[in-house]
Amino acid sequence: MKATVNDSCIGCGLCCGSCPEVFSMGDDGVAHGSDVPDSVLEAAQSARDECPVSAISIE
């Protein structure tokens with residue numbers, strides 16, 4: 001599975017704090033996703049669900 005962050009991201013960093021194995025802040029001031037290992041899938045899904053602007057998708 002892969003996590004992606006769309007253009008709605010406001011750079012709050014909540015996802016990076018919730019699941020740093022998948023999400024990171026870029027030099028552009030917004031979050032970026034990556035592959036989601038099975039071991040952190042639940043944390044990545046929580047980060048998606050808690051995103052204040054619903055910018056995260058996991059597929």
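The shown structure was predicted, so the numbers you read here are calculated from the model rather than taken from an experiment. (Residues numbered from 1 in each chain as written. Predicted model: local features only at pLDDT ≥ 70, side-chain atom pairs only at ≥ 80, totals over all residues. Heavy atoms only, no water.)

Overview of the overall build of the protein chain
Each helix and strand counted, the protein chain has 2 helices and 4 strands in total. With respect to the principal axes defined by its C-alpha atoms, the protein chain has extents near 25 × 20 × 20 Å. The 59 residues of the protein chain split such that 27% are buried. By sequence separation, contacts in the protein chain at least 24 residues apart represent 51% of the contacts at least 6 residues apart. (Helix = DSSP H or I, 4+ residues; strand = E, 2+ residues; numbered from the N terminus. Buried < 20%, exposed > 50% of the residue type's maximum accessible area, 1.4 Å probe, protein only. Contact = heavy atoms within 4.5 Å.)

Quick notes on the pattern of salt bridges
Summed over the entire model, instances satisfying the criterion amount to 1 salt bridge. The residue Arg48 makes a salt bridge to Asp49 at a minimum N-O spacing of 3.0 Å. Note on Asp49: relative accessible area 56%, which makes it exposed. (Salt bridge = Lys/Arg side-chain N within 4 Å of Asp/Glu carboxyl O.)

Quick look at the nonpolar core
Ranked by size, the top nonpolar core spans 16 residues in total, and within it Cys15, Val22, Phe23 and Ala44 carry the most contacts. Every residue in contact with Val22, bar those within four places of it in the chain, is listed here: Ala3, His32, Gly33, Ser34, Asp35, Val36, Pro37, Val40 and Ala44. (Core = buried A, V, L, I, M, F, W, Y, C linked by side-chain atoms within 4.5 Å.)

A word on the environment of Ser39
Structurally, the position occupied by Ser39 is in the loop between strand E3 (31-32) and helix H2 (41-50). Residue classification places Ser39 among the exposed positions, given a relative accessible area of 69%. Distance from Ser39 to Phe23, taken between C-alpha atoms, is 14 Å for residues 16 residues apart in sequence.

A look at the state of the cysteines
Taken as a whole and assessed by the stated rule, the structure comprises 0 disulfides. Left unpaired, Cys15 is separated from the closest cysteine sulfur, that of Cys16, by 4.1 Å. With relative accessibility at 9%, the residue Cys15 sits in the buried group. (Disulfide = S-S within 2.5 Å.)

Quick word on the environment of Val5
Turning to its location among the elements, Val5 is positioned in strand E1 (residues 3-5). Measuring from C-alpha to C-alpha, the distance between Val5 and Ala31 comes to 6.7 Å, with 26 residues separating the pair along the chain. Ignoring sequence-local partners within four residues, the contact set of Val5 consists of Phe23, Ala31, His32, Gly33, Ala55 and Ile56.

Remarks on the environment of Ser24
Position of Ser24 relative to the elements: it lies in strand E2 (residues 24-25). Residues within four places of Ser24 in sequence aside, it is in contact with Cys16, Val30, Ala31 and His32.

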